[in-house]
Amino acid sequence: MHSFLRRINIIAECEELRWAVWSCPPFLFLVMGVVTIIGLLATYAITARFVDESGTIIMVSIVTAILLVIGNAVIHGFNKIAEANRMKGEFISIISHQLRSPLSVFKWTVDLMEHAPSHRASPERMTDSFRTLRDTAENMIELVNMLLEVSRFEAGTLILRPESFKLEELTQKIIAGYERYAHAAQINFSLDAPSDLSSVYADIERIKIVIQNLVANAVHYSIGPGTVAVGIARAGAFLRWEIRDSGTGIPVSQHRMVFHKFFRGSNAQHQQTRGTGVGLYVAKGIIEAGGGRIGFISEEGKSTTFWFTVPLVQVGVARRSSEAHEG
Amino acid sequence: MKKIIFIEDEPALQHALTVVLNDAGYQVVSALDGEIGLGLIKKEKPDLVLLDLILPKMDGFQVLEMIRKDPETAKLPVIILSNLEENSDINRALELGATTYLLKTNYRLEEVVEKVAGVLHTQESAR
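The text that follows walks through the structure, step by step, so that each part is easy to find.

**Side note on the sheet that holds strand β5 (residues 238-244) of chain A**
Residues and elements named next belong to chain A.
Phase 1: What the five strands build is an open sheet, ordered β2-β4-β5-β7-β6; its pairing is mixed. At either margin of the open sheet sits one strand with a lone partner, and together these are β2 (187-192) and β6 (294-299). The average undirected angle you get between the axes of adjacent strands in this sheet is 15°.
Phase 2: For β5 and strand β7 (residues 303-311), the ladder comprises seven bridges, and the chain directions are antiparallel. Residue L239 lies in a different strand from β7, and its bridge partner there is V310.
Phase 3: Strands β2, β4 (226-235), β5 and β7 of the sheet are contacted by helix α7 (residues 167-184), whose axis makes an angle of about 170° with β2.

Okay, here's the thing in structure tokens:
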């Protein structure tokens, strides 16, 4: 009952969408309704003067149907634009926070290196601070790269440069980069991959972005102490990569939205603003452009497992690649 | 020696501020999430709390609410250190009883230490 009353409260809905009443879709729908009624009365008044009763009924029915279809399409379009605008606003707010976080690490770490006597006196601590600055710079570069990927998707200019590489070696390198943060959050990594796995044929830089996104999500949304388990296995002509966290899970009602641009799970927003809402959108775009698939299994309150597949090196491709090297 | 609980989930920020606060003569006990932080506040009986807002397990708003609800900690000074700059977040924190709200990127470490000293001084004078 409460949700029904909320749905018909047009002013509240407009406020939620942050739109002025006169440009707010639900209010426009009301206006459309009034226009429709006036249109129908006018149609009735005019046709009743020139045709008989059954002709009037048919005319009014046709006009009603046309007005309803047009009105519904227009309002649906308005609603989509309003929702997109709201999500973009939230995205800008998230990105500005995302940029502020590493910038505050830069600022305070430099302050520490410059002014704290106890810190300056220790070469180990100074080395540690340089490492923090480098890692933070890497994070910012990752963020900017991801935003550029979104822009490439939108413009349709994404070009993949596939090559042969070992997925498990790339995974190990990425995990090593996150270990420091994971350790502080009392999270352990485990990697389960057979030693005889074949190489995959994909754009290594793009797959790196996908794995970084999935590893970062698993670490940030895990509730430590816990384990983030990564597994790689053969699946036909593909390798299947998966990561299981010990996090908050994704509510079932939001499953279909997970790979949408700017989407962030309601429970994720509550706990972390590290996510930008584009990581999984980018991951899906990259994996599918390379001929693979991506998905997840989630249990709210327990864990989420994200997985993707990447094609193995084809015989012909491997031969061409080795010929090129020999040449 | 005055005791400060510092709840911050970014280890680099936690480390940096802890070092300068120690150098300034404060004892700092830190936590990486809201739940552990709240437990420490009850156990350690600090003189002041430095609180981030976006935290795992329990966010800073919830921690602040719990601090103010508990008669033992209701008057404890709480300085918010966050990068959330929306007016709605700032107003919410102040309405919940934050002593002051600092945007991390707008303050240098020594300025945060000065703010801490100022809040503790005001608290002492009020007694």
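Right, picking up where we left off after that structure.
**What about the environment of V119 of chain B?**
All names here are of chain B.
Phase 1: If you trace the backbone, V119 turns up in helix α5 (residues 109-126).
Phase 2: Sequence separation between V119 and L48 is 71 residues; the distance between their C-alpha atoms is 8.5 Å.
Phase 3: What V119 contacts, discounting residues up to four positions off in sequence, is L48, P77, I79, T99 and T100.

**A closer look at the interface of chain A and chain B**
Phase 1: With 30 residues of chain A at the interface, the matching set in chain B holds 32 residues.
Phase 2: If you look at where chain A meets chain B, you find two salt bridges.
Phase 3: With a shortest N-O distance of 3.0 Å, E85 of chain B and R100 of chain A are connected by a salt bridge.
Phase 4: Applying the counting rule to chain A against chain B returns 11 residue pairs in polar contact (both at pLDDT 80 or more).

**Some remarks on helix α3 (residues 25-50) of chain A**
All names here are of chain A.
Phase 1: Here α3 is 26 residues long and its end C-alpha atoms lie 37 Å apart, about the 38 Å a rise of 1.5 Å per residue gives.
Phase 2: Within α3 the residues assigned to the buried category are P25, P26, F27, L28, T36, L40, T43 and T47.
Phase 3: In this structure, the buried side of α3 is in contact with α2 (10-16) and α4 (53-115).

Cut-offs applied
Residues numbered from 1 in each chain as written. Chains lettered and ligands numbered in written order. Predicted model: local features only at pLDDT ≥ 70, side-chain atom pairs only at ≥ 80, totals over all residues. Heavy atoms only, no water. Pairing = 2+ DSSP bridges. Helix = DSSP H or I, 4+ residues; strand = E, 2+ residues; numbered from the N terminus. Axes fitted to C-alpha atoms, helices over the stretch in contact; angles between N-to-C directions. Contact = heavy atoms within 4.5 Å. Salt bridge = Lys/Arg side-chain N within 4 Å of Asp/Glu carboxyl O. Polar contact = N/O pair within 3.5 Å; in protein donor to acceptor, adjacent residues only side chain to side chain. Expected span 1.5 Å × (residues − 1). Buried < 20%, exposed > 50% of the residue type's maximum accessible area, 1.4 Å probe, protein only.

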